[in-house]
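Structural characterization, general
In case you want the letters, here they are:
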Amino acid sequence: AREAGGKGGALPVTVLSGFLGAGKTTLLNHMLNNREGHRIAVVVNDMASVNVDAELVRQGGVLKKEEKMIELSNGCICCTLREDLLTSLSSLAAETRFDHVLVESSGISEPLPVAETFTFEDPATRSSLNDVARLHNLVTVVDAASIFDQLGTMDTLVDRGWEDVPGDKRTVSHLLCDQLEFADLLLVNKCDLVSEAQLGAVETFLRKVNPTAEVVRSEHSKLPPATLLGTARFSMKKAEEHPQWLVEAREHEHTPETVEYGISSFVFRAKRPFHPERLFAAMASRPRQGALAGLLRLKGFAWLATQPNRQAHAALAGTQFTLSPGPPWWVSIPRAQWPEGLAEEFQAEEAAAEKAKHEMYLAEQAEQMLAAQLAAPPPAEHALYYYKRAHRAATEEANPEADPAALVQLMEERFEALTAEERAPFEEKAADEQQRTSALAAALQLAQRDATPYSPWDAEHGDRRTELVCIGRELDGEAASAQLEACLLTADEMVLLKEEGWGWLPDPFAPSWLKALGHGGAEHAHDHAHGGPADALLGGMGGEMTEANLRGVMEVASKQGLPTDYFLGFLFEELLNENAAKQIKQCAPALRELFAASPDKRRTQWTILEGVVNLVTSPKHPSWLLKKTPVILMALYDIDMLEEDVVILWSRSRRPAHAEVDMKVREAAAPFIKWLREAEVEP
């Protein structure tokens, strides 16, 4: 039994997660009926106001008098009831009479936020839950009979009445993947309801999405208590680095496995950006077409042509594909703000890629030489070669007058006259050489494949790139990769569209992207409301738009590592108003510094021009501001934030989705454009 406070004063806690009906409550009751001397406290969470699971445990009569059950109802412990969970576990640990706590979470709970609760600090006591309790295991119970159906559904939690808070936009498939990826132990339940082949497919898929979790089979949620209570699997360090298979993509450590039960995976990498419209058509359509229909899970980061300064976090769970804002690319951040050693790391990886290119060239040359050898005569004739090599000197010495052709004919006749036993040593040598040559060819082919040069840094585009881990069932990886490749900008588009600005491509992801940035990057209503970049910047303003206040906001942006283009978008959206021209002139020194910090000034000018469009057409400003467009452009031009050629290119361009608005602004800007053109032709 656990002594007061337990080992190190920490009370072990195991959290049970899994979909409604997967078998969590059955597992909990089984553990309580077979506790093997452990004193167990139970925390049961239900999203409804009536805690049905707690009632089932109570009716089971499995709790002893000295044991305790806490009900957390009408919410989810990974969000709305997080503080209640913190308080409950702290209280149980303080009682020092329990050996273990089993927490049964609601069917819509995600394990990771529960784990994060252990790091929260009480402002009053400066202590955290980790001081008195420790996570022992994060267990997800998997329904083997329905997992692939759940992954394939298009239902949202709202569709099923499972939402925790109003407006919860999570999908069933995304929630299931979250529960699987953050677990330490995956309990494959209801094994009696599926065939061995189906069970193999389930387990192979689970090992793909969570390679480090232990996978255990069960029927009716029966499991030896020691499996959960006796072995601690949770690692906070691992949790902070999740998900493991994304680390695999970043570190280029993917090792292909033998395809079992139709489950396979591949890593898609690209150094050209995605065309937003093509990617949306390929991934967000339902049902997906071609080989991409075989994808069950996709996750990683991507380069979207319309968002050159910020990573796009891509995620597919079943049928649901999302693309949300990630952190800035390092190339969009001034090098002075880079972590120490990052530039050297990129340089080393670029050098390694160049070395790999050279090694691949040598491998190709060696392979061509070996190809000629592999096309040589069969082993019997190779045996003749080794016979000739062994007897040539003796034959020449015995026949000094014979010409070379006669010597060869003589040796061939003697070789034909050999018995099988006499030929054997030469045939064995020939066979060994053939085998060695074949093995060398295979090794060189493998080396050539594995040495494909890859570096996360590119001389022209910096660290902008795409790396996606793709997992599927009956998946044609080569065809799926080709479909994703077709969603990239072509080489011609990279050249032809660059000057016009990729930001003007039609982008179906733009509305959700901007909404996410404006609300702190939250992907769904289940996330807690917390101040995002925009809120933090507004907090640093300190009053009306003056140069001093603008510099205060710039300091906040710098500390947050926000790229120049994001800050400029915020400037036009939130700070400038109907007095924009005057504000720009007043803040000219600060704005010049901001522009000078941009790593791609042409791209930044397109951002500025887009900001002008948003400013003069915003419904929160008076309609007459549109007529002030030439004055605002002139103010920006006067402080060297706009160049003639960029503005003239901009005046000719139209965004397909915003053609009407763009036309109005270009017409309003016509006097300034005319002045620029006339200035260009002056002697």
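As the structure is a prediction and not an experimental result, all values here were calculated from the model. (Residues numbered from 1 in each chain as written. Predicted model: local features only at pLDDT ≥ 70, side-chain atom pairs only at ≥ 80, totals over all residues. Heavy atoms only, no water.)

This next bit is on the overall build of the protein chain. Along the protein chain, the regular secondary structure elements total 29 helices and 12 strands. The burial tally for the protein chain puts 50% of its 683 residues in the buried class. Relative to all contacts within the protein chain whose residues are 6 or more apart in sequence, the contacts with residues 24 or more apart total 77%. Put simply, the protein chain shows about 32,300 Å² of open surface, and 52% of that area lies on carbon and sulfur atoms. (Helix = DSSP H or I, 4+ residues; strand = E, 2+ residues; numbered from the N terminus. Buried < 20%, exposed > 50% of the residue type's maximum accessible area, 1.4 Å probe, protein only. Contact = heavy atoms within 4.5 Å. Areas by Shrake-Rupley, 256 points an atom, 1.4 Å probe, with all protein chains shown as cover.)

Considering the arrangement of structural elements, one finds His 100 in strand E4 (residues 100-104). For His 100, a relative accessible area of 2% gives the class buried. A distance of 2.9 Å separates a polar atom in the side chain of His 100 from a polar atom in the side chain of Thr 14. The residues touching His 100, leaving out its near neighbours within four places in the chain, are Leu 11, Pro 12, Val 13, Thr 14, Arg 39, Ile 40, Ala 41, His 136, Leu 228 and Leu 229. (Polar contact = N/O pair within 3.5 Å; in protein donor to acceptor, adjacent residues only side chain to side chain.)

A few words now on the nonpolar core. One finds Leu 550, Leu 571, Ile 632, Leu 636 and Trp 650 to be the most contacted residues of the largest nonpolar core, which totals 47 residues. Among the elements that take part in this core, helix H25 (residues 601-617) stands out by supplying 7 residues, more than any other. Setting aside anything within four residues of it in sequence, one finds Ile 632 in contact with Ala 580, Ala 581, Ile 584, Val 612, Leu 615, Val 616 and Leu 625. With 31 residues, the next largest nonpolar core counts Ala 144, Phe 148, Leu 151 and Cys 191 among its residues. (Core = buried A, V, L, I, M, F, W, Y, C linked by side-chain atoms within 4.5 Å.)

Our next topic: the sheet that holds strand E9 (residues 295-302). The 5 strands are arranged E8-E12-E9-E10-E11 in an open sheet whose pairing can be described as antiparallel. Every other strand in the sheet has two partners, leaving strand E8 (263-270) and strand E11 (320-328) as the edge strands with one partner each. In this sheet, neighbouring strand axes are inclined to one another by 15 degrees on average, regardless of whether the strands run parallel or antiparallel. For E9 and strand E10 (residues 310-317), the ladder comprises 6 bridges, and the chain directions are antiparallel. Its bridge partner lying in E10, Lys 299 is registered against Ala 315. The strands that helix H17 (residues 477-486) touches are E8 and strand E12 (466-473); relative to E8, the one it contacts most, it runs at about 30 degrees. (Pairing = 2+ DSSP bridges. Axes fitted to C-alpha atoms, helices over the stretch in contact; angles between N-to-C directions.)

As a further point, take unusual backbone geometry. Outside of glycine, negative phi angles account for most residues, and trans bonds account for most peptide bonds. Positive phi is not limited to glycine here, since Lys 190 has a value of about 65 degrees. Relative to the elements of secondary structure, Lys 190 occurs in the loop between strand E6 (185-189) and helix H8 (196-209). Accessibility expressed as a relative area gives 21% for Lys 190, which makes it partly exposed. A positive phi is found at His 220, a non-glycine position, where the angle reads about 55 degrees.

Taken together, the side chains of Asp 638, Asp 640, Glu 643 and Glu 644 define an acidic patch exposed on the protein surface. Position of Asp 638 among the secondary structure elements: in helix H26 (residues 629-638). Residue Asp 638 is classed as partly exposed on the basis of its relative accessible area, which comes to 45%. (Patch = residues over 30% accessible without salt bridge, like charges linked within 9 Å, V, L, I, M, F, W, Y side chains within 5 Å. Salt bridge = Lys/Arg side-chain N within 4 Å of Asp/Glu carboxyl O. Lys, Arg positive; Asp, Glu negative; His and termini not counted. Charge placed at Lys NZ, Arg CZ, Asp CG, Glu CD.)

Summed over the entire model, instances satisfying the criterion amount to 18 salt bridges. The partner of Asp 99 in a salt bridge is Arg 39, with the nearest N and O atoms 3.4 Å apart. Taken together, the residues Asp 99 in the loop between helix H3 (82-95) and E4 and Arg 39 in the loop between helix H1 (24-33) and strand E2 (40-45) connect sequence positions 60 residues apart. For Arg 217, the salt bridge is made with Glu 203, and the minimal N-O distance between the two is 2.6 Å. Taken together, the residues span a long stretch of sequence, with Arg 217 in strand E7 (residues 214-217) and Glu 203 in helix H8 at a distance of 14 residues. Residue class for Arg 217 comes out partly exposed when judged on its relative accessible area of 37%. One network of salt bridges, in which partners are shared, links Glu 196, Glu 203 and Arg 217.

As a further point, take empty space enclosed by the protein. Summary: where empty space remains is shown by rolling a probe the size of a single water molecule over the atoms. In this structure the tally under the stated criterion is 4 cavities of 30 Å³ or more. In this structure, the second largest cavity encloses a volume near 60 Å³. Phe 19, Ala 22, Val 141, Val 142, Asp 143, Ser 146, Ile 147, Gln 150 and Leu 176 together form the lining of the second largest cavity. Sorting the residues of the lining of the second largest cavity by element identifies strand E5 (133-143) and helix H5 (147-152) as the ones contributing at least two each. Looking at which element gives the most residues to the lining of the second largest cavity, the answer is E5, with 3 residues. Counted by class, the lining of the second largest cavity contains 6 nonpolar, 2 polar and 1 charged residues. (1 Å grid on protein atoms, 1.4 Å probe; cavity = no way out; pocket = protein on both sides within 12 Å on 5 of 7 lines; lining within 4 Å. Points joined across faces, edges and corners; volume = space filled by probe spheres on them. Nonpolar A, V, L, I, M, F, W, Y, C, P; charged D, E, K, R; others polar.)

Next up on the list: the packing of aromatic side chains. Using the criterion set out here, one finds 10 aromatic pairs in the structure. Summarising the aromatic geometry, the rings of Phe 268 and Phe 274 are spaced 6.2 Å apart at their centres and angled 25 degrees between planes, so their arrangement reads as stacked. For the residue pair Phe 268 and Phe 274, the accessibility class agrees, reading buried in each case. The structure contains a cluster of three or more aromatic residues connected by ring pairs, namely Phe 280, Phe 321 and Phe 509. Across the ring face of Phe 415, the terminal group of Arg 423 is positioned such that the distance to the ring centre comes to 4.6 Å. (Phe/Tyr/Trp six-rings, centres within 6.5 Å; stacked < 30°, edge-to-face > 60°. Lys NZ or Arg CZ within 6 Å of the ring centre and 35° of its normal.)

Turning our eyes to something else, we now look at helix H22 (residues 564-575). For H22, the tally of buried residues reaches 9 of 12 residues, placing the bulk of the element in the interior. Listed in full, the buried residues belonging to H22 are Thr 564, Asp 565, Tyr 566, Phe 567, Leu 568, Phe 570, Leu 571, Phe 572 and Leu 575.

Attention shifts here to the confidence of the model for the protein chain. Summarising the model, the protein chain shows a mean pLDDT of 75, and 72% of its residues fall at 70 or more. In this model, residues 47-67 is a region of pLDDT below 50 whose contacts with residues beyond four sequence positions or in other chains number 55 contacts. The low-confidence segment residues 446-452, where pLDDT is below 50, has 6 contacts with residues more than four positions distant or belonging to other chains. (pLDDT = per-residue confidence, 0-100.)

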